[in-house]
Each structure stands twice: as structure tokens, then as C-alpha cells.
Amino acid sequence: MALNKVRGEMVDLNSTGNTKGLKMPSGTAFPSGENAVQGMIRNDTNQTSEGASSTMQHYNGSSWKNFVNITPQATFEVLMAGGGGGTGTSAGGGGGGAGGILTGSLTIDKGTQIAITVGNGGSGNGSQTYATVGVNGDDTVLAISGGTTYTADGGGGGGANNSGQSTGNGGSGGGNGGYGIGGSDSGQGTSTQTNQNGSEGNLTGHGNNGGATSGVNSPCCFYVGAGGGGAGTAGSPTQNSAGYGGAGGDGIVSTILSTSDVSTYISASLVDGGNVYFGGGGGGGSENNFSATFNAPGGKGGGGDGVGGASPIVGNNGIDYSGGGSGGSNNTVTGLSNRGSGGKGVVIIRVLESNKGTAASSGTVESFLASDNNNFRIFIFKDSGTYTV
């Protein structure tokens, strides 16, 4: 009986922890004069595959078929929110517009690094000059190495009682501010957010205009601001008969986070009616001759409430990590040292646990299994950083 000799270096190919490899026959195309048998495997040096200088192939019984080098990829859901706009320094400041929202899914080669910039809200801190529009929020950016850059626009700053300035345009526009006696105001902010398309996927943009003023009749009211635009709906106009500002526009409903997870890691105030919202516009502020204080509600999804009354009062800040706009203040001529600030933006990634990448930041990145489905991992970038797919 014939014996087959097994070379020593091949004896341990099936050993646990073995790092040796099996080398296939390698050469130019298989000679046409020889018989190929089903199950044969070889390396063809006449062909290339995805940058490799040769191609592995197998014979299926009738023809040679090539193995193709494919870079593994991961698909993940993403939500990006720009920083919310701040309110104007004004008697009846307009509500800040919400940061623009981008939603959708991306498919990216594993090993690719993504640079993430999380936009700050428009600041309302420090000494203020009377009758100036609010500060726009900063953009939130996701820049894929060697690929597409996606941008969620910062929200527009709220308006003021100054026709020489323009209310902020942004992801969602700021509310018209301070329309009152004499009819002087900074106008209505408009949305700049667009859809963002790239080879890795298309993200849908969400943003709306700020509210408009419609005139104020003395002696009822002095100065009244409109609501900032939300990612889901536009800001509301001033409510003159009631003597207070317009409500902020609502944000969008999102399922990227469960109600439990958003309450734990961001804020329970983003939950309304069992839904999670992001990108609410700020309510408008007002100055009037009533002794009572009036609140114009911020939009669902982190918009700050606008405030008003006979005395100076600071509007409520937008909620951080929602992109919510600031609520309008009542900064009279004597003024306040501060005004409302927009909420900080955020980047949220939802990916299968089996495909999770690596997150890094000098600030805060939350990482946890989703409470509604523990097959998925959530990354919440509260500060700028990187994500390696």
C-alpha cells in the first residue's frame, strides 16, 4: 500500500493557537491543457483584486472563480444636532432657533476614523449691549476620513428690538424679537439646514423658520418676541392679545434613544407623551405693564421657555445635548448682565454590538447597551472626539 509522507511543518496545522498558514500553488493562469478538478484552490498571479497583486481562485467543476478581497463594513444609525441659538438682548427678546438636526444611517469601512465636533449653544453669558440679536449656535460636524463631511447647522440667535440688525439664520431660525412701540425689530430668522448626501449614506436635514411678530397695541404690551424655530415645526408668532411671546417650534421625534435612556443620559425633559424629541425652539420673551410674569413655552425637545413681565428677567436656557434654543428674556433698557443661552449639540450613534467601534474624547462620551434592545450599543458624544468604525 502506498504511503503519503506528511512534511513536519504541516503536522500542527490543526493545533490550538497555531499561527502557521497553508500556502496554495501560485502561478499564472491555470494551463488550458491540464485537467482541473472540482475543489481545486490556487493563486493566480496574472490577476489583481482590490489592490492585491494576485487573486485566489477555486474550480467549481466547470470554470475557475475568483475570491474577491472585500473590506468589511459597519452600518449604524446616527443623529446629529447643532448647538441651539441664544436669545436677543432686548425688551421682549426673540426665542433662539434650535440647532439643525440630521438623521439617517451610514455604512463605512471598518477601521475608518471619524472626527466629531459637537457644537456649543449660542452663549448668553457676560455683559450685554442692549438691543442686540442673540448669538448663533455652533455647527456639529461629522468628518469621515477620506470621505464625506456632514454638518448640522447651529441654530439662529433670537431677535431684538433693533431694525438695524438681523435675527439669526441657522439650523432653525431665531424668532423675531422685540416688536413694539414704534415697530422696530430685527426681523424673522430662517432655516439653513439642508439634507446631507455622501457615498456613505444620505442624512435628512430638519429645521424651520423662526416666528414673526404681528404688531403690538399699546397700552396692552410694550415689546414682544416670537418663538424660535424647531427642528419639527416653525416658531409661533407673538401673542399680542395675551401680552406674551410666541411659543418655540417643536423638535422632531426620534427613536434612536429609548425614553429610559434619554432620561438617564441626557434629560427627562426631552420626553413628552411617550416620545423622545430633539431640537426644540426657544419661546419668545416679552415686556408688558402687568405685574404678573408670563412664560411662552419652549418647543418639545429642549427649547427654553421665554419669560416676560414688568421687571427684567432672564429667559431659560436650552437643554444641553438636545440642540434646543434659548427662551427669550425681558431685558429692559436698564438691562441684565446675562441672557439665555442655547443648548449644546450632540452626536448619537446606534450600532449593533457585534459591529461596535471605538470612541474617544477629551470630554464625555457615554457608551452603553440600549435598554430597548441590548443587541445595540449607544454612543452619545457630548463633547468633540473621534469614532473609529
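Being a predicted model, the structure only gives us computed values, none of them experimental. (Residues numbered from 1 in each chain as written. Predicted model: local features only at pLDDT ≥ 70, side-chain atom pairs only at ≥ 80, totals over all residues. Heavy atoms only, no water.)

### Points about the packing of aromatic side chains
For any pair of aromatic rings, geometry is given as the distance between the ring centres together with the angle between the planes. Across all of its chains, the model carries five aromatic pairs by this definition. Aromatic side chains F30 and W64 sit 5.1 Å apart centroid to centroid with 45° between the ring planes, which places their arrangement in the tilted category. Of this pair, F30 sits in the loop between β1 (26–27) and β2 (41–44) while W64 sits in strand β4 (residues 64–66); the two residues are 34 residues apart in sequence, bridging distant segments of the chain. Three or more aromatic residues joined by ring pairs form one cluster here, namely F30, Y59 and W64. The ring centre of W64 lies 6.0 Å from the NZ or CZ of R42, which sits over that ring. The ring of F376 carries the charged tip of R350 above its face, separated from the ring centre by 4.9 Å. (Phe/Tyr/Trp six-rings, centres within 6.5 Å; stacked < 30°, edge-to-face > 60°. Helix = DSSP H or I, 4+ residues; strand = E, 2+ residues; numbered from the N terminus. Lys NZ or Arg CZ within 6 Å of the ring centre and 35° of its normal.)

### Here we look at the sheet that holds β1
One open sheet holds the four strands; their spatial order is β1-β2-β3-β4, and the pairing between them is mixed. In the strand order of this sheet, the two ends are held by β1 and β4, each with one partner. Across three bridges, the pairing between strand β3 (residues 55–59) and β4 is antiparallel. Among the inter-strand pairings, H58 is bridged to a residue of β4, identified as K65. (Pairing = 2+ DSSP bridges.)

### Considerations on the pairing of strand β23 (residues 376–381)
Among the six residues of β23, five are classified as buried, and the element is accordingly described as predominantly covered. Of the strand pairs in this sheet, strand β20 (residues 346–352) and β23 are connected by six bridges, and their pairing is antiparallel. Note that in β23 the partner of I348 across the bridge is I380. Where strand β22 (residues 365–369) and β23 come together, five bridges link them in antiparallel fashion. Note that in β23 the partner of L369 across the bridge is R377. Hairpin connection of β22 to β23: six residues between the antiparallel strands. (Buried < 20%, exposed > 50% of the residue type's maximum accessible area, 1.4 Å probe, protein only.)

### Describing the pattern of salt bridges
Applying the stated criterion across every chain yields a total of six salt bridges. A salt bridge links D383 to K344, with the nearest nitrogen and oxygen atoms 2.6 Å apart. Of this pair, D383 sits in the loop between β23 and β24 (385–388) while K344 sits in the loop between β19 (306–309) and β20, and the two are 39 residues apart along the sequence. Its salt-bridge partner being K382, residue E366 comes within 3.2 Å of it at the nearest N-O pair. Of this pair, E366 sits in strand β22 while K382 sits in the loop between β23 and β24, and the two are 16 residues apart along the sequence. One network of salt bridges, in which partners are shared, links E353, K356 and R377. (Salt bridge = Lys/Arg side-chain N within 4 Å of Asp/Glu carboxyl O.)

### Considerations on the side chain of Q193
Looking at where Q193 falls in the secondary structure, it is placed in the loop between β10 (179–180) and β11 (196–198). By relative accessible area, Q193 is classed as buried at 11%. Here T151 takes part through its backbone oxygen, which lies 3.3 Å from a polar atom of the side chain of Q193. If near-sequence neighbours (up to four positions away) are discounted, Q193 is found in contact with G100, I101, L102, T151, A152, D153, G170, G171, G205 and H206. (Polar contact = N/O pair within 3.5 Å; in protein donor to acceptor, adjacent residues only side chain to side chain. Contact = heavy atoms within 4.5 Å.)

### A short note on the environment of P25
Structurally, P25 can be placed in the segment before β1. On a C-alpha basis, the gap between P25 and M56 in space is 9.8 Å, while along the polypeptide they are 31 residues apart. Apart from residues lying up to four places away in sequence, P25 is in contact with I41, R42 and N43.

### Considering the environment of A98
Here A98 shows up in the loop between β5 (73–81) and β6 (101–109). As for A98 and D250, which are separated by 152 residues in sequence, their C-alpha atoms are 9.1 Å apart. For A98, the residues in contact, after removing those within four places along its chain, are G84, G155, G171, S172, G229, G230, A231, G279, G280, G281, G323 and G325.

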